[in-house]
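Overview (structure and organization)
Take a look at the letters that make up each chain.
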Amino acid sequence: MPPEIRGTRTVHDGWASFVVADVTTPEGAEVTREIEDHGEAVCVLPYDPERRVALLIRQFRAPPFFTAGVADLLEVPAGLLDEADPAEGVRREAFEETGLRLSRLEPVSTVWSLPGISTERMHLFLAPYAESDREGPGGGLAEEHEAITVVEMPLAALAAMSEAGEITDMKTLVLLLALRLRRPELFV
């Protein structure tokens, strides 16, 4: 039997929408499921292959602070996709957050970030850059209260952090591992 959504009701509609769906499962059970919807997202790990460094950000995130008291996370630049083209969106986010003008993008995948609760599909990219590509200050948008700190780190240090379990943001960990698989020579 194919699954079916028999009906939905919106319980919150703001930056994200929260919907309760009445679902018939493939086994025929009738259940309710909560769904969070805020659209698609993009993220990128910018790396300088000459200097063997990557450009990341640190920023306050309310959910990790609420749950575990974590004041900020080390992350790759990321954000919601406002454009039709994920490449345009990731270039915009990288410039807003890091001041970096990206030219060449290396697509990694498009993934469901939290398929048990969210409709978000995230477009993942790697992007080589050079020092001369840093054209702006970064830091995010003041009107969005992002207060981003730009962090340039050696790739070897990031690899050591991942091996020690210190990279706690999943999109960052996935992109770092993708770069390690594709370009292992950058980590020695």
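This structure is a prediction, so every number in the text was calculated from the model and none was measured.

Bringing the layout of surface pockets into the picture now. Of the volumes computed, that of the largest pocket is approximately 1,400 Å³. As for the largest pocket, its lining consists of 41 residues, and the residues nearest its centre are Trp15, His38, Arg61, Glu120 and Lys171. Counting only elements with at least two residues in the lining of the largest pocket, the list comes to strand 4 (41-48), helix 1 (62-68), strand 6 (73-75), strand 7 (78-80), helix 2 (86-98), strand 8 (106-112), strand 9 (121-128) and helix 4 (170-182). Among the elements that line the lining of the largest pocket, the one with the most residues is helix 2, at four residues. Of the residues that constitute the lining of the largest pocket, the class distribution is 21 nonpolar, seven polar and 13 charged.

Moving on, we get to helix 4. Compared with an ideal rise of 1.5 Å per residue, which puts 13 residues at 18 Å, helix 4 spans 18 Å between its outermost C-alpha atoms and is within 8% of the ideal. Every buried residue of helix 4 is listed here: Lys171, Thr172, Leu175, Leu176, Ala178 and Leu179. End-on view of helix 4: buried residues confined to an arc of 160°, all on one side of the axis. Relative to its buried face, helix 4 has exposed residues pointing more than 90 degrees away, namely Met170 and Leu181.

Time to look at the pairing of strand 3 (residues 30-37). The side chains of a regular strand alternate, first on one face of the sheet and then on the other. Both strand 2 (residues 17-24) and strand 3 contribute to a ladder of eight bridges, which runs antiparallel. Across the sheet, residue valine 20 finds its bridge partner in strand 3, namely glutamate 34. Counted along the chain from strand 2 to the antiparallel partner strand 3, the turn is five residues long, and its residue glycine 28 has a positive phi close to 100°.

On to the UniProt feature "domain: Nudix hydrolase" (unreviewed entry) in the chain. When the UniProt feature table is mapped to this numbering, "domain: Nudix hydrolase" (unreviewed entry) covers residues 37-175. For residues 37-175, the helix share is 25%, the strand share is 31%, and the end-to-end C-alpha distance is 23 Å.

Once that is clear, we can look at the packing of aromatic side chains. Remark: the centre distance and the inter-plane angle together describe each pair of aromatic rings, the angle taken between the planes. Inspection of every chain in the model, using the stated rule, returns one aromatic pair. If you follow arginine 101 out to its NZ or CZ, it ends over the ring of phenylalanine 95, 3.9 Å from the centre. Residue placement shows arginine 180 over the ring face of phenylalanine 187; its charged tip is 5.7 Å from the ring centre.

Within the secondary structure, phenylalanine 18 sits in strand 2. Considered as a pair, phenylalanine 18 and proline 184 are 166 residues apart in the sequence and their alpha carbons are 41 Å apart.

Turning our attention to the nonpolar core. Membership of the largest hydrophobic core comes to 25 residues, with the highest contact counts inside it found for Leu45, Leu74, Leu158 and Leu179. Counting residues per element, the ones that place at least two in this core are strand 4, strand 5 (53-59), strand 9, strand 10 (149-154), helix 3 (155-163) and helix 4. When near neighbours in sequence (up to four residues on either side) are disregarded, leucine 158 contacts Ala54, Leu56, Leu74, Met153, Ile167 and Leu176. Listed in part, the 14 residues of the second largest apolar core include Val53, Leu55, Ala87 and Val90.

Below, the discussion takes up helix 3. Buried residues of helix 3: Leu155, Leu158, Ala159, Met161 and Ser162, and no others. Seen end-on, helix 3 carries its buried residues on one side only, within an arc spanning 160°. Where helix 3 is buried, its residues touch strand 5, strand 6, strand 10 and helix 4. Phi turns positive, to about 75°, at glycine 165, one or two residues after helix 3.

Note on placement: alanine 16 falls in the loop between strand 1 (4-13) and strand 2. When residues no more than four places from it in sequence are discounted, the contact partners of alanine 16 are Glu36, Asp37 and His38.

Calculation rules
- Residues numbered from 1 in each chain as written.
- Predicted model: local features only at pLDDT ≥ 70, side-chain atom pairs only at ≥ 80, totals over all residues.
- Heavy atoms only, no water.
- 1 Å grid on protein atoms, 1.4 Å probe; cavity = no way out; pocket = protein on both sides within 12 Å on 5 of 7 lines; lining within 4 Å.
- Points joined across faces, edges and corners; volume = space filled by probe spheres on them.
- Helix = DSSP H or I, 4+ residues; strand = E, 2+ residues; numbered from the N terminus.
- Nonpolar A, V, L, I, M, F, W, Y, C, P; charged D, E, K, R; others polar.
- Expected span 1.5 Å × (residues − 1).
- Buried < 20%, exposed > 50% of the residue type's maximum accessible area, 1.4 Å probe, protein only.
- Arc of directions from axis to C-beta.
- Pairing = 2+ DSSP bridges.
- UniProt positions renumbered as here; feature names shortened; annotations may be inferred.
- Phe/Tyr/Trp six-rings, centres within 6.5 Å; stacked < 30°, edge-to-face > 60°.
- Lys NZ or Arg CZ within 6 Å of the ring centre and 35° of its normal.
- Core = buried A, V, L, I, M, F, W, Y, C linked by side-chain atoms within 4.5 Å.
- Contact = heavy atoms within 4.5 Å.

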